[in-house]
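Topology and contacts: notes
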Amino acid sequence: MLKRVDSAQPLRTLIVEDSEDDTLLLVDQLELEGGRSVDWQRVETEPALTEALKQQWDIVLSDYTMPHFSGMRALEVVRQHDLDLPFIFVSGTIGENTAVQAMKSGAQDYVMKDNLARLVPAVERELEEAKLRRERRQTEEMLRKLSLAVEQAADSVIITDPRGRIEYVNPAFERLTGYARDEAVGGKPSLLKSGRHDKAFYQVIWQTVLKGEIFRGTLVNRKKNGELFYEEKVITPLTDDHGRITHLVSTGRDITARVKAEEARAQLVTILEATTDLVAILDPAGCLRYLNNAGYRLLGLDPKVDISKFCLRELFPERIAHLLQNEALPIAHRVGTWSGETALRRMDEIEVPVSQVLLAHHDASGKVEYLSTIARDISERKRFEAELQHQATHDLLTGLPNRFLLMDRLAAELERARSTDRFVAVLFLDIDNFKRINDSMGHAVGDALLQQISDRMQAALRPNDTIARHGGDEFAVVAGDLPRSENILDVLRKIYAAFERPMSLGAQETYITFCTGIAIYPHDGIDAEDLLRNAGTAMYQAIAAGHNQYRFYAPDMNTRSHELLTLETDLRLALKRNEFVVYYQPQVDLGTGHIVAMEGLIRWRHPQRGLVSPAGFVSMLEESGLIMPVGEWVLSQACAEFREMGLHGMRISVNVSASQFNDPELLHTVCRIMKQECIPPNALELEMTENIIMQDPAATIEILKKLRALGIRIAIDDFGTGYSSLSYLKRFPLDALKIDQSFVRDLTLDTNDAAIVEASITLGKKLGLEVIAEGVETKEQFDFLRAHDCDLVQGYYVSRPLRNTDLVDLLREGRHW
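The rules behind these values
Residues numbered from 1 in each chain as written. Predicted model: local features only at pLDDT ≥ 70, side-chain atom pairs only at ≥ 80, totals over all residues. Heavy atoms only, no water. Helix = DSSP H or I, 4+ residues; strand = E, 2+ residues; numbered from the N terminus. Buried < 20%, exposed > 50% of the residue type's maximum accessible area, 1.4 Å probe, protein only. Patch = residues over 30% accessible without salt bridge, like charges linked within 9 Å, V, L, I, M, F, W, Y side chains within 5 Å. Areas by Shrake-Rupley, 256 points an atom, 1.4 Å probe, with all protein chains shown as cover. Salt bridge = Lys/Arg side-chain N within 4 Å of Asp/Glu carboxyl O. Pairing = 2+ DSSP bridges. Axes fitted to C-alpha atoms, helices over the stretch in contact; angles between N-to-C directions. Contact = heavy atoms within 4.5 Å.

Here we take up unusual backbone geometry. Cis peptide bonds are those with omega within 30 degrees of zero, and the linkage from Tyr 521 to Pro 522 qualifies with 5°. Tracing the sequence through the fold places Pro 522 in the loop between strand 21 (514-521) and helix 18 (528-545). Phi is positive for Asp 421, which is not a glycine, with a value near 60°. On the secondary structure map, Asp 421 appears in the loop between helix 14 (403-420) and strand 16 (423-431). Among the residues examined, Asp 421 registers a relative accessible area of 69% and is labelled exposed.

Set out below in structure tokens:
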């Protein structure tokens, strides 16, 4: 029987035969004797054979002589198609010589038709031999490919016998080492020894391969020309069926460039890690990928931290990160590099000034592959520059700005004043008798005195004012942001007050006075040079007038300042001398026509000027700080006289200044006075302007609630003239609003004023507030307000402000309006 690897598969047989009967005999013989089915096809022409060979066949059986086709031609066609396909002649006419010729031409066997008993054994044998031929041919092809691969490989290949004698080297070996094949074959790999490895190293190699294991390692070898090279070596032992080593195959890859690159990289890393400059590599988005030791130290980072989460916004202050993102990176992307001074942000939020270079590295396509940056800490340089700058712009003795910085500060203040429509004053101060002190007590004492003077002046001035040492014993002051030119007197007063205490000169004490010259922008000059020159001129005028004098450059300012200082002096004495009095202006209820309330108004009985209205001195009270004691006196006096007048069922209104309202002791003061004067609830009303209560609305609400809890009424004074927010106004605990007299004055002549007054009354009513109109001077105004449901009025039409005795007389008359 036929022996098949898979006997379940039919035998695929192609039969070249012109006789159908002979074909069937062959098939029957194969099936009967072979014991398996046969898939067969008969062909008798060359075209049919060529077409049939497109299919897969196990064997070809062919007659030798046919009418339309030659058996030898059939053999030739089959061999052209497949050299290993078994081909057996089955013929009744083939002779011995012809059969030999056919065998030489590629036929595997021949069987005579009259002896078909040989057919099955012949087919069986040829199928086995065909299988072996195919395997051998595949092996040869594989060997051919392997040989070709070894010959063309980029890695060097050495094949040796078990003792290490070279039998083969490939062309890559020749190119790498410089040794030709005939120079290497017969020798040993030791011809490549460089002397860089000791005997023990080579012993390890031999021990490894002789155990049948593969050696992998890096060798430093030497070329024929003496040049060293690094080789990544793999040595594999080949064994036979009995495990005996037959050959050693060594493959080597030249890694000299890689090793040198790694050495260079290691050297670079060593340098980078040793440098004191920060070196970092970032991805295109600006996030860290590498940071050297100096970078960790400079940023205050823990070396164990994952740096990949740190990007530009974490490494730099916000303004610097914005600069880098919007300016530096685009420039680096475009031209490859950017440099400038920036600042790093340490983990403790401290900024470190650095000089930085930013590089963009592009790939072959021109796309940014990564970024690198170098940053050098320039803190010391910055400190040195700042120190130099400070020395260049400040007086070494006192630490004050010198005349150069004074000019810069003054120019900046003037620029600001031009845009804000404010005044700027320049003061020149010359110390009286400084030369005498310096000469008699020595320069060291004089220097110490100048230092004390500069300290006191700085403490006396506002934070935004500039004081400079102009030279010798002269000082200059720049005071800006003055609402009025007269405000410079407050500055001057503070300076002089600072020297009311004696100065210490070692064991002695002395009082220091100045002569001061003052020039004011824009009256006395519009640029820095003019103002400084004119302030100096005014100072010399003050010196000529004697010690402790001051002079304005403008003569009229000298007169005005003298008046104001005199007024302030008189005001300070007025409270002590009981020169203030309270007048009362009645308020009439338009519903009943009767007086139901009054407003307490301060007046000043000046010994020389007579009765002075508030317009002539209230602003001075506020500027001098006297408003606090005077305001408390008015409240106390009004409550006391209200009690003395015995005005039951009526109420008294008193104004509260901004300083009083912001005084933490306001509630305590009001409560004390009410108890002291036995003022009943709802008898006292405090008036304050919109601007006062809108300074801090949230705090105002709390204060007003506490005042209301004491039984005090709250009124908004001068309504409509200040700033107010209706959303806040409705939240304030208020009782009344007073329409300012500026709207009442022309309400019968100006339709706009009439509309404002009418709207204010309506608004007050909607908010549940009592509405009071001030400045009512005519019957027409009175009638208009009554017609539009205003609640109360006050003004000259009802009565002028009166002393308490006159008010009592008016009330006794029982007048009705």
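So, on to a nonpolar patch on the surface. A cluster of nonpolar side chains, contributed by Met 142, Leu 143 and Leu 146, occupies part of the molecular surface with about 300 Å² of accessible area. The topology assignment puts Leu 146 in helix 5 (residues 119-152).

All right, on to the pattern of salt bridges then. Following the criterion strictly, the structure yields 59 salt bridges and no others. A salt bridge links Arg 319 to Glu 351, with the nearest nitrogen and oxygen atoms 2.8 Å apart. Of this pair, Arg 319 sits in helix 12 (residues 318-335) while Glu 351 sits in strand 14 (residues 351-362), and the two are 32 residues apart along the sequence. A relative accessible area of 37% places Glu 351 in the partly exposed class. By sharing partners, the salt bridges in this structure join Asp 84, Asp 109, Arg 118, Arg 125, Glu 126, Arg 133 and Arg 137 into a single network.

On to the sheet that holds strand 8 (residues 215-222). Taken in spatial order, the five strands make up an open sheet running 7-6-10-9-8, and their pairing is antiparallel. Every other strand in the sheet has two partners, leaving strand 7 (166-169) and strand 8 as the edge strands with one partner each. Averaged over neighbouring strand pairs, the angle between their axes works out to 25° when direction is ignored. Pairing geometry for strand 6 (residues 156-160) and strand 7, over three bridges, is antiparallel. The residue of strand 7 that forms the bridge with Thr 160 is Ile 166.

If you walk across this open sheet you meet the five strands as 2-1-3-4-5, and the pairing is parallel. Across the chains shown, the open sheet's two edge strands, defined by having one partner strand only, are strand 2 (38-43) and strand 5 (109-112). Averaged over all pairs of adjacent strands, the angle between their axes in this sheet comes to 25°, without regard to strand direction. Inspection of the sheet shows strand 4 (residues 87-91) paired to strand 5 by four bridges, in the parallel sense. Note on strand 5: the bridge partner recorded for Ile 88 is Asp 109. Relative to the sheet, helix 1 (residues 20-34) contacts strand 1 (11-16), strand 2, strand 3 (59-62) and strand 4, its axis offset from that of strand 2 by approximately 160°. The strands touched by helix 5 within the sheet are strand 1, strand 3, strand 4 and strand 5, with strand 5 carrying the most contacts at an inclination of about 170°.

Read these as geometric descriptors, not functional statements.
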